[in-house]
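Each chain is listed here by its residues.
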Amino acid sequence: MGPLLKEIRHNPLLWLLALVPVVLVAQVLKPEAHTLLFVLSVLAIVPLAALLSHATESVAAKTGDMIGGLLNATLGNLTELLIALAALRAGQYVLVKASIAGAIITNSLFMLGASFLLGGFNHHVQEYNRNNARLQSGLLFVATIAMLIPSVLADTETGATAAQFTRTLSLGLSVLLIAIYGLGLAFTLGTHREFFASTEHAESDEQPWPLSLALATLAGVTVLVALVSEVFVESVQQAATALGIAPAFVGFIIVALVGAAAEMVAAFSAARKNRLDLSVGIALGSASQIALFVAPVLVLASYVLGPTPMDLQFWPGAVAMMLIATVVASLVTSAGRSAWFIGALIVIVYVIFAMTLYLLPPRVQ
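Residues numbered from 1 in each chain as written. Predicted model: local features only at pLDDT ≥ 70, side-chain atom pairs only at ≥ 80, totals over all residues. Heavy atoms only, no water.

### Looking at the overall build of the protein chain
Condition: Per the convention used, a helix needs a DSSP run of H or I reaching at least four residues, while a strand needs a run of E reaching at least two, with both numbered from the N terminus. Summary of the burial criterion: residues with accessible area below 20% of their type's maximum are buried, those above 50% are exposed, and those between are partly exposed, where the area comes from a 1.4 Å probe applied to protein chains only. Residues count as neighbours in contact if any of their non-hydrogen atoms are within 4.5 Å of one another. Areas reported here follow the Shrake-Rupley algorithm with a probe of radius 1.4 Å; residue values treat only the protein chains shown as occluding. The charged-residue count follows a simple rule in which Lys and Arg add positive charge and Asp and Glu add negative charge, with His and chain termini not counted at all. Every charge is mapped to an atom, namely NZ of Lys, CZ of Arg, CG of Asp or CD of Glu.
Each helix and strand in the protein chain was counted, giving 13 helices and two strands. Overall, the protein chain is about 65 × 50 × 35 Å in size when its C-alpha atoms are taken along their principal axes. Within the protein chain, the proportion of its 365 residues that are buried is 52%. Put simply, of all contacts in the protein chain between residues at least 6 apart along the chain, 86% involve residues at least 24 apart. Put simply, the protein chain shows about 15,700 Å² of open surface, and 70% of that area lies on carbon and sulfur atoms. Each charge sign in the protein chain was given a centre, from 15 positive and 18 negative side chains, and these centres are 1 Å apart.

As structure tokens, then:
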């Protein structure tokens, strides 16, 4: 515990950890104070994200950037999965689908672009293993097609026939996507692991935490992030209404940004330290994991937890944005090199989406 306590003492940002019990107590004592809970939960997630970032970097120092990126993406998406399951039980399928689409867009555009931008400010040109980036982009593209098909073909039938067709198709696609995700892990971590090794980077002067402490911190922080994030999700809709924020903007942008805060801190920190393999692995790995694993699992879970089965039919605006984000990520990562201007262009695409959603929310199904 020594390194952890030392980090908390010397990092003023981590002093905000005191807000974690505050927001949990406030949720019990003042559940109707939605705006207050919204602000407190956002402030509490920030130091938790910083801790998760430091622990992830320590694990990556022992296991390599690829395993570290996968671990960070998995723990970050576990939080989003728990939040989505809570919304699933309540039958809030629009919020679930918006969070899925928003997470894919946020990770593949904002997180990736901001990593290139921040890393480019500190380093003239950065290099990373393009094999991993191209594979993750390819997996994400396949998943986007799987979500596109039910949305396009849903109008071929009408009434109950259309609903049954979409649900049956979504169920089959969900099983197929999970199988593809498993095959991708076997390919990258097993049969062809040598093709996805990180590029050589200068050694960091920082001493990583012991592996046992890093793993314990990852587990503990993930639980706390899940608890605080649930408070955030419960309060964000009412707080957004009070603040005059569009519901589509809340689902696609705000929920996605806060849900991915821990992963973003790790990705941005790694980019500044010229460990772009870790940044790319977190950003694209998280996006593909949401599309190939989290979304299908939610469809399957809806048959048990939800009031009715959920499908993979998204509204046209969401599908278009996911497809564009996937194509942009695939194009910019094909060279294995980046500079700050490339990151700026990717972030601008994300800002275009955010501005559109803020001014003209898409029509939901």
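### Focus on empty space enclosed by the protein
Cut-off, in case you're wondering: Using a 1 Å grid laid over the protein atoms alone, points where a 1.4 Å probe fits but cannot get out form a cavity; open sets with protein on both sides within 12 Å along at least 5 of 7 lines form a pocket; any residue with an atom within 4 Å of a point counts as lining. Grid points are joined across faces, edges and corners, and a volume is the space filled by probe spheres set on the points. We call Asp, Glu, Lys and Arg charged. Ala, Val, Leu, Ile, Met, Phe, Trp, Tyr, Cys and Pro are nonpolar, and the rest, Gly among them, are polar.
A full pass over the atoms with the stated rule returns three cavities of 30 Å³ or more. Mapped onto the lining of the largest cavity, the elements with two or more residues apiece are α4 (65–89), α5 (93–122), α8 (211–243), α9 (247–259) and α11 (276–305). No other element matches the five residues that α5 contributes to the lining of the largest cavity. By residue class, the composition of the lining of the largest cavity is 15 nonpolar, three polar and one charged.

### Comments concerning the packing of aromatic side chains
Defined as follows: The aromatic pairing rule takes the rings of Phe, Tyr and Trp, using the six-membered ring of Trp, and pairs them if the centres are within 6.5 Å, calling planes under 30 degrees apart stacked, those over 60 edge-to-face and the rest tilted.
Per the stated rule, a full pass over the model turns up nine aromatic pairs. Here Phe314 and Trp315 contribute two aromatic rings whose centre-to-centre distance is 6.4 Å and whose plane-to-plane angle is 50°, an arrangement assigned as tilted. Ring-pair connections join several aromatic residues into one group, and the members of that group are Phe110, Phe268 and Tyr350.

### What to know about a nonpolar patch on the surface
We count it as follows: Patches draw on residues past 30% relative accessible area with no salt bridge. Two like charges within 9 Å are joined, as are two nonpolar side chains (Val, Leu, Ile, Met, Phe, Trp, Tyr) within 5 Å. By definition, a salt bridge exists where a carboxyl oxygen of Asp or Glu is found within 4 Å of a side-chain nitrogen of Lys or Arg.
On the surface, Phe141, Ile145, Ile149, Val152, Leu153, Leu323, Val327 and Leu331 cluster together into a nonpolar patch covering about 620 Å² of accessible area. Of all the secondary-structure elements, those providing two or more residues to the nonpolar patch are α6 (130–153) and α12 (316–332).

### Here's the deal with unusual backbone geometry
A positive phi angle is found at Asn274, which is not glycine, with a value near 65°. With respect to the secondary-structure elements, Asn274 resides in the loop between α10 (261–272) and α11.

### Here's the deal with the nonpolar core
Here is the rule we go by: Residues belong to one nonpolar core when they are buried, are Ala, Val, Leu, Ile, Met, Phe, Trp, Tyr or Cys, and are joined through side-chain atoms within 4.5 Å.
Ranked by size, the top nonpolar core spans 112 residues in total, and within it Ile100, Ile105, Phe252, Leu298 and Phe314 carry the most contacts. Tallying contributions element by element places α11 first for this core, with 15 residues. Not counting residues within four places of it along the chain, the set of residues in contact with Leu298 comprises Leu81, Ala84, Leu85, Leu88, Val96, Ile100 and Met310.

### Let's talk about helix α13 (residues 340–359)
Threshold: Residue count minus one, scaled by 1.5 Å, sets the expected span of a helix.
Look at α13: 28 Å from first C-alpha to last across 20 residues, which is about the 28 Å you get at 1.5 Å a residue. Taken together, the buried positions of α13 are Gly343, Ala344, Ile346, Val347, Tyr350, Phe353, Ala354 and Leu357. Buried residues in α13 make contact with α5, α9 and α12.

### With respect to the pattern of salt bridges
Considering all chains together, one arrives at two salt bridges under this definition. Among the salt bridges present, the one from Asp311 reaches Lys97, with a minimum N-O distance of 2.7 Å. On the criterion of sequence distance, the pair formed by Asp311 in the loop between α11 and α12 and Lys97 in helix α5 is long-range, its members being 214 residues apart. On the basis of relative accessible area, Asp311 is assigned to the buried category, the value being 13%. A relative accessible area of 11% means that Lys97 is categorised as buried.

### Observations concerning α10
Taking 1.5 Å per residue, 12 residues should reach 16 Å; α10 reaches 17 Å between its end C-alpha atoms and fits that length. Taken together, the buried positions of α10 are Ala261, Ala262, Glu263, Met264, Ala266, Ala267, Phe268, Ser269, Ala270 and Ala271. Positive backbone phi, at 65°, marks Asn274, one or two positions downstream of α10.

### Describing the packing of α9 against α13
So the rule is basically this: Fitted lines through C-alpha atoms give the axes, limited to the stretch in contact for helices. The angle between two N-to-C directions lies from 0 to 180 degrees. Roughly parallel refers to an angle under 35 degrees, roughly antiparallel to one over 145, roughly perpendicular to one between 65 and 115, and oblique to any angle outside these ranges. With the far helix as reference, a near helix turned anticlockwise by less than a right angle produces a left-handed crossing, and one turned clockwise produces a right-handed crossing.
Two numbers describe how α9 lies on α13: the axes approach to 7 Å, and their chain directions differ by 140°. One finds that α9 runs oblique with respect to α13. Of the two possible hands of crossing, α9 and α13 adopt the one that is left-handed. Facing Ala248, Phe249, Phe252, Ile253 and Leu257 of α9, the residues of α13 in contact are Tyr350, Ala354, Leu357 and Tyr358. Looking at the contact of α9 with α13 residue by residue, the classes come out as nine nonpolar, no polar and no charged.

### Thoughts on the confidence of the model for the protein chain
Note the following rule: Per-residue confidence from the prediction method is given by pLDDT, with values spanning 0 to 100.
Mean pLDDT over the protein chain works out to 82, with 90% of the residues at or above the 70 mark. Between the elements of the protein chain, mean pLDDT differs from a low of 72, seen in α4, to a high of 92, seen in α13.

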